[in-house]
Amino acid sequence: MRETHLEDGKWWVSPYNFEADVRGELNLPEKVEIHDATLRDGEQTPGVVFSVDDKIEIATKLDELGVDRIEAGMPAVSQQDQEAITQISKLGLDAKIFTFARAMMKDIDMALECGADGVVIEVPIGYPKLTTQFGWTWREVAEKSAPVINYARENGLHALFFPYDTTRARREDLTNLCDYVMEHSPPDSIGIVDTMGCATPEAIKHMVRWVNGMTGLPVEIHTHNDFGMGVATELAAVTAGAVCVHSCANGLGERTGNAALEELMMGLHLLYGYDTNYKLDKIPELATMISEKSNIAIARNKPVLGHGNFIRESGIGINYVMNDPLVMFATHPALTGKIGEVVLGKKSGKASIIYKMGEMGLGELDDDKIAAILDEVKATGIAKRDVLSDEEFVNIVTSVKAA
C-alpha cells in the first residue's frame, strides 16, 4: 500500500490523507475487491435493457479494467439472463462471476447451471420491508436462508449473504438473524446493504464493525446514492475493515443509482493508496459503452467521467491547464484518458485569449487588440450564456484585426 499523496505527472491529492494521525484511525484491510453489479443492479435503472451481446461486451470490458467480481445477472429473471450469464462464465475472465439469487434452492441450481462462481443470496431485513412488504419476522427470514446458504456452499459456490435494507433494520432483528445464520449456516461473507442510501459514513463504519464483530465474517458493502454519499459511505466502510465494495459503472442503478465504479477505483487507488491493477485509462471506454447501451448521457460535471472536468474558462492559471495540469487539477487528464481544454467566455482573461490564439494559429497582437478581443469574448459569453465556439472566436479576432 502506498503512503504518498502524489505521483509525478499522474496525480497530486491531499497529503493529509496519508498523515500518521489520519491513517492511525483507520482499519484498512490489506486488499479490497470490487464487486460490480452493472449487469444486474445497473440494468434495474428504469428503461435500461442490456441484450445478451451487450452484457458480454460489458463484462469483457469490466474484466479488462480489473474488476474482481462481476454480478452477471439474475437467472430467474429471464431466459436471456440465463444465457448471458452462461456465456460470460465461459469467457475465461479473471473476474469471478456471481449471480443474484433469492433464498430458494432453484435459484442456486440456476447459478450452478450457468457456471457461476458465487451467489448473492438476497433476503429482506429492513423493518419497513419486513413488516409491510413481506409480513415476515426475522426468524422466518433466517429459516428460509439457512438451507439455501448451506446448499450453495456444499455445491462449491461462494455464498454472499445479503440481508438488504440492512441500514433500516431493527438492531434486535439483525442481531438475531446473524446469530441464527452463524449457528446454522455460516456463509462465506455478509453484506451490509444501504438499499435506500440513507446511512451516514459514520453509521456505516459502526455497522461494519458491529456485523464483523457478531459474525467474524468478511463484510461487503453495497450502497445507493439517494443522499449523494454512495461512494463516500462505501469508502468509509473500507476504513472500518470492509473487504469488498459493490458498484455500478457510470453510477447506474435504481432511483439515484449505486456507488459509481469509476469513483471507487479512483478513490481506492489515489486517496487511500491501494496498489491496484485498475486500468484507469480504460475507464472512458467503459463509460462510453455504458452510456450508449443504456441510453443515459453522462453529465458534463460527473466525477471522473464528465467531459467538462478538465475544461478551464477562468483566465487565472490558464497556462497550467496544458503545461502543468497538476497545478490546476488533482489528477492529470491523461490518467483517465482525457486532455485539458481551454474555452472562452464571460470568465476569460487576457491569458486565455493569447493561449487560444496560439492554439488556433491566429498569430500575435498587441495588448490593445487583445483587450478588445477579450471585451467581445466576454460580451458574447454573457449574451449567449455559454462558452464561445471556435468559429465565434475566429470571427471576433478577424473583426478586431480589421478595425
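Everything below is about the structure printed above this text.
The text that follows walks through the structure, step by step, so that each part is easy to find. (Residues numbered from 1 in each chain as written. Predicted model: local features only at pLDDT ≥ 70, side-chain atom pairs only at ≥ 80, totals over all residues. Heavy atoms only, no water.)

Concerning the overall build of the protein chain
At step 1: Regarding its fold elements, the protein chain presents 15 helices and 12 strands.
At step 2: In terms of principal-axis extent, the alpha carbons of the protein chain reach across some 85 × 50 × 40 Å.
At step 3: Of the contacts made within the protein chain by residues no fewer than 6 positions apart, 72% connect residues no fewer than 24 positions apart.
At step 4: Taking the 38 positively charged and 61 negatively charged side chains of the protein chain as two groups, their mean positions are separated by 3 Å. (Helix = DSSP H or I, 4+ residues; strand = E, 2+ residues; numbered from the N terminus. Contact = heavy atoms within 4.5 Å. Lys, Arg positive; Asp, Glu negative; His and termini not counted. Charge placed at Lys NZ, Arg CZ, Asp CG, Glu CD.)

Section: the nonpolar core
At step 1: With 89 residues, the main nonpolar core has Met 265 and Leu 268 as its most contacted residues.
At step 2: Ranked by residue count, the leading element in this core is helix 6 (residues 138–154), at 7 residues.
At step 3: Among the nonpolar cores identified, the runner-up in size contains 13 residues, and Ile 353, Ile 370, Phe 393 and Val 397 belong to it. (Core = buried A, V, L, I, M, F, W, Y, C linked by side-chain atoms within 4.5 Å. Buried < 20%, exposed > 50% of the residue type's maximum accessible area, 1.4 Å probe, protein only.)

A short note on the sheet that holds strand 10 (residues 244–247)
The pairing of strands in a sheet happens through backbone hydrogen bonds and is either parallel or antiparallel.
At step 1: If you trace the 8 strands once around the closed barrel, you get 3-4-5-6-7-8-9-10, paired in parallel fashion. Sheet twist, expressed as the mean angle between neighbouring strand axes with direction ignored, is 25°.
At step 2: Strand contacts of helix 8 (residues 201–215): strand 8 (189–194) and strand 9 (219–223), with the helix running at about 155° to strand 8, the strand carrying the most contacts.
At step 3: Packing of helix 9 (residues 230–239) onto the sheet brings it into contact with strand 9 and strand 10, and relative to strand 9 it is tilted by some 170°. (Pairing = 2+ DSSP bridges. Axes fitted to C-alpha atoms, helices over the stretch in contact; angles between N-to-C directions.)

With respect to helix 4 (residues 105–113)
At step 1: Within the span of helix 4, buried status applies to Asp 107, Ile 108, Met 110 and Ala 111. The buried residues of helix 4 all sit within an arc of 160° when viewed along its axis, so they share a single face. Of the residues in helix 4, the exposed ones pointing more than 90 degrees away from the buried face are Lys 106 and Glu 113.
At step 2: Trailing helix 4 by a residue or two, Gly 115 shows a phi angle of about 85°, which is positive. (Arc of directions from axis to C-beta.)

Things to note about the packing of helix 4 against helix 6
At step 1: Packing of helix 4 against helix 6 brings their axes to within 9 Å, and their N-to-C directions diverge by 20°. As far as their axial angle goes, helix 6 and helix 4 are roughly parallel. Crossing geometry of helix 4 relative to helix 6 is assigned as right-handed. Taking contact as the criterion, the partners of Met 105, Ile 108 and Asp 109 in helix 4 are, on helix 6, Pro 147, Val 148, Tyr 151 and Ala 152.
At step 2: Partitioning the contact of helix 4 with helix 6 into residue classes produces 6 nonpolar, no polar and 1 charged. (Parallel < 35°, antiparallel > 145°, perpendicular 65-115°, else oblique. Left-handed = near helix turned anticlockwise from the far one by under 90°. Nonpolar A, V, L, I, M, F, W, Y, C, P; charged D, E, K, R; others polar.)

What to know about helix 8
At step 1: Taking 1.5 Å of rise per residue, 15 residues should cover 21 Å, and helix 8 covers 21 Å from first to last C-alpha, within 8% of that figure.
At step 2: Taken together, the buried positions of helix 8 are occupied by Pro 201, Ile 204, Met 207, Val 208, Trp 210, Val 211 and Thr 215. (Expected span 1.5 Å × (residues − 1).)

As for unusual backbone geometry
At step 1: The backbone of Asp 165 shows a phi angle near 60°, a positive value even though the residue is not glycine.
At step 2: Along the chain, Asp 165 falls in the loop between strand 7 (158–164) and helix 7 (171–184).
At step 3: You can call Asp 165 buried: its relative accessible area is 0%.

Quick look at the packing of aromatic side chains
At step 1: Here the structure, examined in full by the defined rule, presents 4 aromatic pairs.
At step 2: Ring geometry for Phe 134 and Trp 136: centres 4.9 Å apart, planes at 35°, overall tilted.
At step 3: The cationic tip of Arg 40 hangs over the ring face of Phe 100; the distance from NZ or CZ to the ring centre is 3.6 Å.
At step 4: One Lys or Arg, Arg 171, reaches over the ring of Trp 210 and ends 4.1 Å from the middle of that ring. (Phe/Tyr/Trp six-rings, centres within 6.5 Å; stacked < 30°, edge-to-face > 60°. Lys NZ or Arg CZ within 6 Å of the ring centre and 35° of its normal.)

Side note on the pairing of strand 8
At step 1: Counted residue by residue, strand 8 has 6 buried out of 6 residues, so it is predominantly covered.
At step 2: Residues Ser 189, Gly 191 and Val 193 of strand 8 are buried on one face, and the alternating residues Ile 190, Ile 192 and Asp 194, pointing to the opposite face, are buried as well.
At step 3: Across 2 bridges, the pairing between strand 7 and strand 8 is parallel. Looking at the pairing, Phe 161 lines up with Ile 190 of strand 8.
At step 4: Once the chain exits strand 7 it traverses helix 7 before rejoining the sheet at strand 8, and the crossover so formed is right-handed.
At step 5: What joins strand 8 to strand 9 is helix 8, and the crossover it makes is right-handed. (Right-handed = clockwise from strand over helix to strand, strands pointing away.)

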